Amino acid sequence: MNILVVMKQTFDTEEKIVIQDGKISEDGVEFIINPYDEYAVEEAIKLKEEHGGEVTVVSIGPDRAENALRTALAMGADKAVLVNDESLFGDEYTTAKVLAAVARKVGYDIILGGQMAVDSGAGQGGPRLAEELGINHVSTAVKLEINGTQVRVERDVEGDLEVVETSLPVLITAQQGLNEPRYPSLPGIMKAKKKPLDRLSADDLGLSAQDVQAKTVIVDQSLPPKKQAGRILSGDLAAQVSELVQLLRNEAKVI
Amino acid sequence: MKKVLVLAETRDGQLRNVSLEALAAAHVLAEGGEVVAALFGPDSGAHAAVLGHHGAGTVYVADHAALAQYTPDAYAQALKQLIDFVSPDAVVLGHTAIGRDVAPRVAARLGYGLISDVTGLEAGPVFTRPIYAGKAFQKRTFTDGAIMITIRPNNIPAAAPDTGKTATVVPFDVEIKDLRSIVKEVVRKTSGKVDLSEAKIIVSGGRGVKSADGFKPLYELADVLGAAVGASRGACDADYCDYSMQIGQTGKVVTPDLYIACGISGAIQHLAGMSNSKVIVAINKDPEAPIFQVADYGIVGDLFEVVPLLTAEFKKVLV
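Residues numbered from 1 in each chain as written. Chains lettered and ligands numbered in written order. Predicted model: local features only at pLDDT ≥ 70, side-chain atom pairs only at ≥ 80, totals over all residues.

Colleague: What is the right way to look at the overall build of chain B in this model?
Modeller: Counting its regular elements, chain B contains 9 helices and 18 strands. Here chain B has a C-alpha radius of gyration of 21 Å; the compact-globule value for 319 residues is 20 Å, and the two agree. In terms of overall dimensions, chain B has a C-alpha envelope of 60 × 40 × 40 Å along the principal axes. Pairs at least 24 residues apart make up 65% of the contacts formed inside chain B by residues separated by at least 6 positions. (Helix = DSSP H or I, 4+ residues; strand = E, 2+ residues; numbered from the N terminus. Rg over C-alpha atoms; globule rule 2.2 N^0.38 Å. Contact = placed C-beta atoms within 7 Å.)

And the structure:
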């Protein structure tokens, strides 16, 4: 089975955000594989272990994204593609067009990705990519079973569970709970250094920047207003509790 | 004159509040023009009147049997056909399980941009949306073509209903074919519970609840308040509760009117998911816990003592 994983390198979720000159500062930031994409990588490797085949991990991003791809290779993916051509960086419209070009070039029976990236939080990537390729998608999977070309997915729908049947080729987006991503082993890390990683440009993909030009643009980025530290109540516990209830009713007026 | 289309949504037979919020957003985008809405699925037409009270001039009802249950194929085909027919200047959906799934698919089919998870809009139009789960915000505009957005529940206030306003209800025939997904079963785990993303009040537990049983007092408090119950990653990772309850940068981002954090220390990734709540109450044994930095009101104490007292006190004043 030819398994393609689309993934993004993101800030570690414990990072604070600093904005300098209207841009988000990357100084000293720890980067990780987007946690939802990490579930997708793990699931791809499990599929390979069960059904055989090859796992290709793909990312669009600057050269630093190679680290995330190498981590996926160390977990057990076979090869990687990095689109580091800045003329192909844009919005979700752009990203889907570029990933579709990569998917057509690499080939796939199944495509896996996270249900959203924890930085942009848009969650457009999976459905858009499936549409560009003319294939079906099932999002927010918490369980995936493949039997021949038959696919059974359990998906999380705002806390309810939906059982969906479909067939290959299909794109699946991973939700938390799908699996427990493995840590790369030391031999895995050593092997990953030698696994193939292709860097592709617009020319390699037969794309021009104009074809994939973003439909939306960021005009401003800012931090939320800083919260004033609140009131820590004091006194005996029962008195604190009744004071809190009064404050919520009369001062905050939320009850 | 501008025309704006809203895809309204039901869940368990109820019209979702976010659909009324979408109508309010649509009125801003319409700049005095026309707002139309759509309802998908058999029996969905029953909600047309309420959409009318909230300013939809026309409600298109597609009651095709294939729209009874969401699948990307059925909904994308129906929404695409509706957009072709209505030719709106803008399309607004809720950022819900359905909206966030079908909107990007249809945007790609039409070659549109899409701004997801919008929390505010202003003239231009310029759209505000959270990034890094609310650690920061970005403002975005469209450079080209039609406008399509999904809006986050609980952020753009719905207008007060005006029962004097009525919508013209128009049946809309859709052609749906070649469905590639079949929904075999839906296991309701949330029925009877308040939905986290739309909840006005959330009671949330962290590692401090110590066990699955430890959530009991939180549920009792939530019952009295009509609140939803959430959790931190710590509580989910420790198996005290289901991952669907997780609030944070991984998990759900919530903005209720009142967030009561019980036994939650306040890791950065959790704060990202809830610190934009309007009022935050923290209950924690550790006075140094970072959660107190974002809390409006704090009680330093054992949640197993404080929460039952709080439940009893609310019971007294809310009867």
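Following the structure, the description resumes.
Colleague: Help me out: how do you make sense of the overall build of chain A in this one?
Modeller: Looking only at helices and strands, chain A has 7 helices and 15 strands in total. Across its three principal axes, chain A shows a C-alpha extent of roughly 65 × 45 × 40 Å. Put simply, of all contacts in chain A between residues at least 6 apart along the chain, 71% involve residues at least 24 apart.

Colleague: It is not clear to me how the interface of chain B and chain A should be interpreted in this structure. Could you clarify?
Modeller: Interface size is commonly expressed as the accessible surface area that is lost when the partners come together. Residue-level contacts link 79 residues of chain B with 70 residues of chain A. Here the side of chain B that touches chain A is built from residues that sort into 37 nonpolar, 21 polar and 21 charged. Direction of pairing for strand E11 (residues 160-167) of chain A relative to strand E13 (residues 182-187) of chain B: antiparallel, over a ladder of 5 bridges. Within E13 of chain B, the residue paired with Val-164 of chain A across the bridge is Val-183 of chain B. (Nonpolar A, V, L, I, M, F, W, Y, C, P; charged D, E, K, R; others polar. Pairing = 2+ DSSP bridges.)

Colleague: Would you take a moment to explain the pairing of strand E11 (residues 147-151) of chain B for this structure?
Modeller: A regular strand places its side chains so that they alternate between the two faces of the sheet. All names here are of chain B. Summarising burial for E11: 5 of the 5 residues are buried, a large majority. On E11, burial covers both faces: Ile-147, Ile-149 and Ile-151 on one face and Met-148 and Thr-150 on the other are all buried. Both strand E6 (residues 90-94) and E11 contribute to a ladder of 5 bridges, which runs parallel. Across the sheet, the residue bridging to Ala-90 is Ile-147, located in E11. Alignment of strand E7 (residues 115-118) against E11, held across 2 bridges, turns out to be parallel. In the strand pairing of E11, Val-118 is matched with Ile-151. (Buried ≥ 20, exposed ≤ 12 C-beta atoms within 10 Å, placed from the backbone.)

Colleague: Hey, could you run me through the packing of helix H3 (residues 92-106) of chain A against helix H4 (residues 125-133) of chain A in this one?
Modeller: Any two packed helices are characterised by the angle at which their axes cross and by the distance between the axes. All names here are of chain A. Relative orientation of the contacting elements H3 and H4 amounts to 50°, with a least axis distance of 9 Å. It follows from the interaxial angle that H3 and H4 lie oblique. Of the two possible hands of crossing, H3 and H4 adopt the one that is right-handed. Facing H3, whose interface residues are Glu-92, Thr-95, Ala-96, Lys-97, Leu-99, Ala-100 and Ala-103, H4 presents Gly-125, Arg-128, Leu-129, Glu-132 and Leu-133. Class assignment for the residues of the contact of H3 with H4 results in 6 nonpolar, 2 polar and 4 charged. (Axes fitted to C-alpha atoms, helices over the stretch in contact; angles between N-to-C directions. Parallel < 35°, antiparallel > 145°, perpendicular 65-115°, else oblique. Left-handed = near helix turned anticlockwise from the far one by under 90°.)

Colleague: Help me out: how do you make sense of H4 of chain A in this one?
Modeller: Turn by turn, an α-helix covers 3.6 residues, leaving residues three or four places apart pointing in a common direction. Across the 9 residues of H4 of chain A, 8 count as buried, placing the element largely inside the fold. One or two positions beyond H4 of chain A, positive phi appears at Gly-134 of chain A, with a value near 70°.

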